[in-house]
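# Architecture and fold: a report
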Amino acid sequence: MSLLKAIDTHPSFAPRESGPLPERLVSGNPAFKTWAQDVARGESIHTGVWEATPGEMRSIKGETFEFCHILSGIVELTPEGGEPVIYKAGDSFVMKPGYVGVWKTIETVRKIYVTVM
């Protein structure tokens, strides 16, 4: 087993398709695709590629730390009680445990993610 893992940004395998939980939907009808690519440390670390179509939802991280690198598209994140921040292709950011806010996909977004639970 190699300890070096490349993330395929355009995977050829079928994604898991989903959407936001109804209680988190703010507006629109966003659809999600997830190409999970690696898991480590007993299921506590996940990596892969995620895609979302336009819409708004509440983002609640709980105890999860998430690193994101935007490959394409545009999103606006508004932390609860904070100002909106725009992220686009080439941008990277972290949502720390306890983060609560609104995730608005303006233009279909594709990102690399790393979550640590």
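It should be emphasised that the depicted structure is a prediction, and the values quoted were computed from it without experimental measurement.

This brings us to the overall build of the protein. Along the backbone of the protein there are 0 helices and 9 strands. Sequence-ordered secondary structure for the protein, helices as α and strands as β, is β-β-β-β-β-β-β-β-β. Against the 2.2 N^0.38 benchmark of 13 Å for 117 residues, the protein shows a C-alpha radius of gyration of 14 Å, consistent with a compact globule. In terms of overall dimensions, the protein has C-alpha extents of about 45 × 30 × 30 Å along its principal axes. Expressed as a percentage of its 117 residues, the buried residues of the protein come to 33%. Across the protein, contacts joining residues at least 24 apart in sequence account for 65% of those joining residues at least 6 apart. Accessible surface, the protein: about 7000 Å² in total, of which carbon and sulfur atoms supply 56%. Each charge class in the protein was averaged separately, 12 positive and 14 negative side chains, and the resulting centres sit 3 Å apart.

Here we come to the UniProt feature "domain: (S)-ureidoglycine aminohydrolase cupin" (unreviewed entry) in the protein. Here, UniProt's "domain: (S)-ureidoglycine aminohydrolase cupin" (unreviewed entry) annotation points to residues 41–113. Taken end to end, residues 41–113 is 0% helix and 70% strand, and its first and last C-alpha atoms sit 16 Å apart.

Moving on, we come to the side chain of Thr105. Examined against the element boundaries, Thr105 turns out to sit in strand β9 (residues 100–116). With a relative accessible area of 5%, Thr105 lands in the buried category. One polar contact links Thr105 to Trp103, side chain to side chain, over a distance of 2.9 Å. Setting aside anything within four residues of it in sequence, one finds Thr105 in contact with Ala52, Thr53, Pro54, Gly55, Ile74 and Val75.

As a further point, take the side chain of His46. Within the element layout of this structure, His46 appears in strand β4 (residues 45–52). A polar atom in the side chain of His46 sits 2.9 Å from the backbone oxygen of Glu43. Once you skip the residues sitting within four places of it in the chain, His46 turns out to touch Asp38, Val39, Tyr113, Val114, Thr115 and Met117.

Time to look at a nonpolar patch on the surface. On the surface, Phe65, Phe67, Val94 and Val116 cluster together into a nonpolar patch covering about 280 Å² of accessible area. For Val94, the position within the fold is in strand β8 (residues 92–95). We classify Val94 as partly exposed; its relative accessible area is 39%.

Here is what the cut-offs are and how they apply
- Residues numbered from 1 in each chain as written.
- Predicted model: local features only at pLDDT ≥ 70, side-chain atom pairs only at ≥ 80, totals over all residues.
- Heavy atoms only, no water.
- Helix = DSSP H or I, 4+ residues; strand = E, 2+ residues; numbered from the N terminus.
- Rg over C-alpha atoms; globule rule 2.2 N^0.38 Å.
- Buried < 20%, exposed > 50% of the residue type's maximum accessible area, 1.4 Å probe, protein only.
- Contact = heavy atoms within 4.5 Å.
- Areas by Shrake-Rupley, 256 points an atom, 1.4 Å probe, with all protein chains shown as cover.
- Lys, Arg positive; Asp, Glu negative; His and termini not counted.
- Charge placed at Lys NZ, Arg CZ, Asp CG, Glu CD.
- UniProt positions renumbered as here; feature names shortened; annotations may be inferred.
- Polar contact = N/O pair within 3.5 Å; in protein donor to acceptor, adjacent residues only side chain to side chain.
- Patch = residues over 30% accessible without salt bridge, like charges linked within 9 Å, V, L, I, M, F, W, Y side chains within 5 Å.
- Salt bridge = Lys/Arg side-chain N within 4 Å of Asp/Glu carboxyl O.

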